[in-house]
Amino acid sequence: MTAPPDLGRLAAAAAHDPGALEELLAAVRPEVLRVCARFLPNREDAEEACQDTLLAVAQGIANFEGRSAFRTWLYRIAANRSRTTYQVLRRRFLAEASGPLPERPDPQRTSVVAGTRLDLLDALERLGPQLAEPVALRDVIGLSYAEIATSLDLAEGTVKSRIHEARRRLRGHLDDEKSDLQHRSNK
């Protein structure tokens with residue numbers, strides 16, 4: 001977001017002013033879509049997560065306490081909605097798929113970036129929210145440790161510790177995936 005929304009618009013939106021809420025959502029939509037696209041390689045999937053994020057913002061704006069910057073609060077919602085959208089889409093695909101499923105995305109049909117993001121989303125899902133959320137906010141979105149600590153209501157040292165542990169586990173998960181892929185390609 002190039003400039004944070006003005007406090008008057010935020011207050012009016014939180015007070016259930018439909019015009020202010022509409023203006024706020026229109027102003028943040030491009031940034032929300034960019035954040036969602038960092039997680040989801042498919043444009044339509046990112047759009048779906050963006051819509052879910054905007055709905056969550058509209059429903060939760062009255063509960064925004066201002067403990068963190070609005071941008072931090074917004075990014076946290078977008079990151080969580082993106083991960084949830086991926087989980088829902090994956091479950092839907094698994095439920096609707098007939099026949100055996102490919103283990104990993106076919107590199108001939110999937111860009112390297114998209115395949116990497118899918119691997120990351122799978123690995124984040126295995127971490128659980130306590131570790132996945134801080135590392136996603138730091139490494140995917142780029143928030144500072146202080147912003148994450150404020151957003152999650154944790155001590156900064158706890159945030160750093162969780163991110164360190166999450167990265168360690170992610171490396172293990174991603175290395176396992178890489179080894180499996182190499183093993184299959186050598187057969």
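The shown structure was predicted, so the numbers you read here are calculated from the model rather than taken from an experiment.

Chemist: Account for the overall build of the protein chain, with residues named and values stated.
Modeler: From N to C terminus, the protein chain includes eight helices and zero strands. Secondary structure elements in the protein chain, listed N-terminal to C-terminal, are α-α-α-α-α-α-α-α. Per-residue burial for the protein chain yields a buried fraction of 36% across its 187 residues. Of all intrachain contacts in the protein chain linking residues separated by at least 6 positions in sequence, the fraction that spans at least 24 positions is 65%. Summing over all exposed atoms, the protein chain offers an accessible surface of approximately 10700 Å²; the carbon and sulfur share of this is 51%.

Chemist: So, empty space enclosed by the protein: which residues are in play, and what are the values?
Modeler: Applying the stated criterion across every chain, the model contains one cavity of 30 Å³ or more. One number sums up the size of the largest cavity: a volume of about 30 Å³. Along its surface, the largest cavity is lined by Arg83, Tyr86, Gln87, Leu121, Leu124 and Glu125. For the lining of the largest cavity, the secondary-structure elements that each account for two or more residues are α4 (70-96) and α5 (112-127). Taken together, the residues of the lining of the largest cavity break down into three nonpolar, one polar and two charged.

Conventions adopted
- Residues numbered from 1 in each chain as written.
- Predicted model: local features only at pLDDT ≥ 70, side-chain atom pairs only at ≥ 80, totals over all residues.
- Heavy atoms only, no water.
- Helix = DSSP H or I, 4+ residues; strand = E, 2+ residues; numbered from the N terminus.
- Buried < 20%, exposed > 50% of the residue type's maximum accessible area, 1.4 Å probe, protein only.
- Contact = heavy atoms within 4.5 Å.
- Areas by Shrake-Rupley, 256 points an atom, 1.4 Å probe, with all protein chains shown as cover.
- 1 Å grid on protein atoms, 1.4 Å probe; cavity = no way out; pocket = protein on both sides within 12 Å on 5 of 7 lines; lining within 4 Å.
- Points joined across faces, edges and corners; volume = space filled by probe spheres on them.
- Nonpolar A, V, L, I, M, F, W, Y, C, P; charged D, E, K, R; others polar.

These figures come from the coordinates and say nothing about function on their own.
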